[in-house]
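# Residue-level structure breakdown
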Amino acid sequence: MNPSEDAFRAAVSDGGALAAVVVDRETRAVLVGSGEIPNLARLLDLLLQTQPEPARELYVGGRERSLYCSVLGSGKAIILAMPPAASVALGWALVRHLSGTVGA
């Protein structure tokens, strides 16, 4: 593990997230991960659709988890799973912090 991966995993854990991944937008390979995101392939299909334009940010609230998704300019995407009772502002703040740890 390199220092940025360690920082990413520590931020996910310290932020109270259930899981988070950084995905390469082209290959859809998970570059860094902490925990598992259910239905990741379907979520990436929605987030990274090619027409008309990929979503820049997407929030999906659910009973078991809330998902925060952000397409980064560096060719990566971050997907974060938070407990549903967590503040939405906290979720987006953690996404912004995580994007800094992976060189967005």
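Report follows, based on the coordinates.

Looking now at the pattern of salt bridges. Oppositely charged side chains can pair when the atoms bearing their charge come close. Overall, the coordinates contain 4 salt bridges when judged by the stated rule. One salt bridge connects Asp-45 with Arg-28, and the closest N-O pair in it is separated by 2.5 Å. Residue Asp-45 is found in helix 2 (residues 40-47), and its partner Arg-28 is found in the loop between strand 1 (19-24) and strand 2 (30-34); the two are separated by 17 residues along the sequence. With relative accessibility at 32%, the residue Arg-28 sits in the partly exposed group. With a closest N to O distance of 3.8 Å, Arg-65 and Glu-64 form a salt bridge. For Arg-65, a relative accessible area of 26% puts it in the partly exposed group. Residue classification places Glu-64 among the exposed residues on the basis of a relative accessible area of 61%.

With antiparallel pairing, the 5 strands of this open sheet are ordered in space as 2-1-5-4-3. Bordering the open sheet on either side are strand 2 and strand 3 (57-60), each of which pairs with just one other strand. This sheet shows a mean twist of 10 degrees between the axes of neighbouring strands, independent of strand direction. The sheet contact formed by strand 3 and strand 4 (residues 66-71) spans 4 bridges and is antiparallel.

Let us look at the packing of aromatic side chains. Enumeration over the complete set of coordinates arrives at 2 aromatic pairs. Grouping aromatic residues by their ring pairs yields a cluster made of Tyr-59, Tyr-68 and Trp-92.

You can see Asn-2 is positioned in the segment before helix 1 (3-14). Residues Asn-2 and Gly-100 lie 98 residues apart in sequence; the distance between their C-alpha atoms is 15 Å.

Rules used in this analysis
Residues numbered from 1 in each chain as written. Predicted model: local features only at pLDDT ≥ 70, side-chain atom pairs only at ≥ 80, totals over all residues. Heavy atoms only, no water. Salt bridge = Lys/Arg side-chain N within 4 Å of Asp/Glu carboxyl O. Helix = DSSP H or I, 4+ residues; strand = E, 2+ residues; numbered from the N terminus. Buried < 20%, exposed > 50% of the residue type's maximum accessible area, 1.4 Å probe, protein only. Pairing = 2+ DSSP bridges. Axes fitted to C-alpha atoms, helices over the stretch in contact; angles between N-to-C directions. Phe/Tyr/Trp six-rings, centres within 6.5 Å; stacked < 30°, edge-to-face > 60°.

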